[in-house]
Amino acid sequence: MPDKIYIYGDSLLKATVPDVDFHYHFHINEVMQRYQTKLVEVVNRSKMGATIRKGLSLVRHDLDRGLEARYALVSYGGNDSDFDWAAIDADPEADHRPNTELPEFADTLHETLDALRQGGVQPVMMTLPPIDGERYLDFLCRDNLRRDRILDWLGEPQMIYRHQELYADTAAEIALRENIPLIPVRQTFLRNHRLSQLIAADGIHLTVPGYEQLFDTLADWVKKNI
């Protein structure tokens, strides 16, 4: 029997790409066809819009049903670090908090990893790909949100990038502290001289070549560890 790997994440791990009208399409089957192998079975439990709270819920559900796998990739943070932008547009002076505040994100991630280990599954993590704050701000303001009001609160567009990086760095720190394998996805993107071609028009998802790079990095790790 092949080794089994479960994937817990958000829309990135469904290879989600926006079209020209910003309707989203999953390209995961197309991308995964690059890795035909009998050595491993992949079960993708990623959900669009998922935060770490959803991830913990899915992990607990699967463990209760008798989850049997060698590895489980756990990757969250993008949706956790996001904000209610319509509320920010309505009142830039208010106290706005992310979907999951950083201490809760860290605690819930730790709980998720512990649940897997107690269930006999080795958790694996990856560093998050970078986002493009300017593109994401343009995406947010394509309809009714007002750029000047959002910038009143943000200060500058790249604060979006930096805030996501806080969550990416926190997840990486937890992996290193708890001796969990950490796949260097973000590093492969940051080294790429054509990074802008790998990030989708909405600034937070990837293009198909971007997903190919992400999953190639994951596949390289699997080949070395299966």
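Residues numbered from 1 in each chain as written. Predicted model: local features only at pLDDT ≥ 70, side-chain atom pairs only at ≥ 80, totals over all residues. Heavy atoms only, no water.

As annotated in an unreviewed UniProt entry, the protein chain carries the name SGNH/GDSL hydrolase family protein and comes from Brotocaccenecus cirricatena.

**Considering the overall build of the protein chain**
The number of helices and strands found in the protein chain is 9 helices and 7 strands. With the C-alpha coordinates aligned to their principal axes, the bounding extent of the protein chain is approximately 55 × 35 × 30 Å. Expressed as a percentage of the 226 residues in the protein chain, the buried residues total 51%. As displayed, the protein chain offers around 11400 Å² of accessible surface, 48% of which is attributable to carbon and sulfur atoms. (Helix = DSSP H or I, 4+ residues; strand = E, 2+ residues; numbered from the N terminus. Buried < 20%, exposed > 50% of the residue type's maximum accessible area, 1.4 Å probe, protein only. Areas by Shrake-Rupley, 256 points an atom, 1.4 Å probe, with all protein chains shown as cover.)

**Quick look at helix H9 (residues 208–225)**
In this model H9 runs 26 Å from its N-terminal to its C-terminal C-alpha over 18 residues, within 8% of the 26 Å that 1.5 Å per residue would give. Taken as a whole, H9 has its buried residues at Val208, Gly210, Tyr211, Gln213, Leu214, Phe215, Thr217, Leu218, Ala219, Trp221 and Val222. (Expected span 1.5 Å × (residues − 1).)

**Section: the pairing of strand S1 (residues 3–9)**
Taken residue by residue, a regular strand's side chains alternate between the two faces of the sheet. Counting buried positions along S1 gives 5 out of 7 residues, so the element sits mostly inside the fold. Inspection of the sheet shows S1 paired to strand S4 (residues 40–44) by 5 bridges, in the parallel sense. Bridging from a neighbouring strand, Ile5 pairs with Val42 of S4. (Pairing = 2+ DSSP bridges.)

**Digging into the side chain of Asp89**
Along the chain, the position of Asp89 falls in helix H3 (residues 85–90). In this structure Asp89 touches Leu145, Arg146 and Arg149, once residues within four positions along its chain are discounted. (Contact = heavy atoms within 4.5 Å.)

**Observations concerning the packing of aromatic side chains**
Taken as a whole and assessed by the stated rule, the structure comprises 9 aromatic pairs. A ring pair is formed by Phe22 and Phe139, whose centres lie 5.2 Å apart and whose planes are at 55°; its orientation type is tilted. One end of the pair, Phe22, is in the loop between strand S2 (16–18) and strand S3 (24–26); the other, Phe139, is in helix H5 (residues 133–140), with 117 residues separating them in the sequence. We classify Phe139 as buried; its relative accessible area is 12%. For the ring pair Tyr136 and Phe139, a centre distance of 6.0 Å and an interplane angle of 20° mean the geometry is stacked. Taken together, the positions of Tyr136 and Phe139, both in helix H5 and 3 residues apart, correspond to about one turn of that helix. Pair check on accessibility: Tyr136 and Phe139 agree, each one buried. An aromatic cluster of three or more residues is present, and its members are Phe22, Phe83, Trp85, Tyr136, Phe139 and Trp153. (Phe/Tyr/Trp six-rings, centres within 6.5 Å; stacked < 30°, edge-to-face > 60°.)

**Quick word on the sheet that holds strand S5 (residues 71–75)**
A sheet is described by the order of its strands in space; here 5 strands give the open sequence S4-S1-S5-S6-S7, paired in parallel fashion. Each having just a single partner strand, S4 and strand S7 (182–183) make up the two edges of the open sheet. Relative to S5, S1 runs parallel, the two sharing 5 bridges. When the sheet's bridge partners are listed, Ile7 is paired in S5 with Leu73.

**Looking at the nonpolar core**
Grouped together as the largest cluster of nonpolar side chains are 28 residues, with contacts concentrated most on Leu13, Met126, Tyr211, Leu214, Phe215 and Leu218. The element contributing the most residues to this core is H9, with 8 residues. Contact partners of Leu13, with chain neighbours within four places excluded, come to Ile7, Tyr8, Ile28, Asn44, Ser46, Leu73, Ser75, Met126, Leu214, Phe215 and Leu218. Counting residues in hydrophobic clusters, the runner-up holds 25 residues, among them Phe105, Leu113, Leu116 and Ile174. (Core = buried A, V, L, I, M, F, W, Y, C linked by side-chain atoms within 4.5 Å.)

**Remarks on a negative patch on the surface**
Judged by side-chain charge, Asp91, Glu93, Asp148 and Asp152 come together as a negatively charged surface patch. Among the structural elements, Glu93 can be located in the loop between H3 and helix H4 (102–118). For Glu93, a relative accessible area of 70% translates into the label exposed. (Patch = residues over 30% accessible without salt bridge, like charges linked within 9 Å, V, L, I, M, F, W, Y side chains within 5 Å. Salt bridge = Lys/Arg side-chain N within 4 Å of Asp/Glu carboxyl O. Lys, Arg positive; Asp, Glu negative; His and termini not counted. Charge placed at Lys NZ, Arg CZ, Asp CG, Glu CD.)

**Notes on unusual backbone geometry**
Even without a glycine there, the phi angle at Ala15 is positive, about 50°. With respect to the helices and strands, the residue Ala15 is situated in the loop between S1 and S2. For Ala15, a relative accessible area of 0% puts it in the buried group. Positive phi values are uncommon outside glycine, yet Phe22 reaches one of about 60°.

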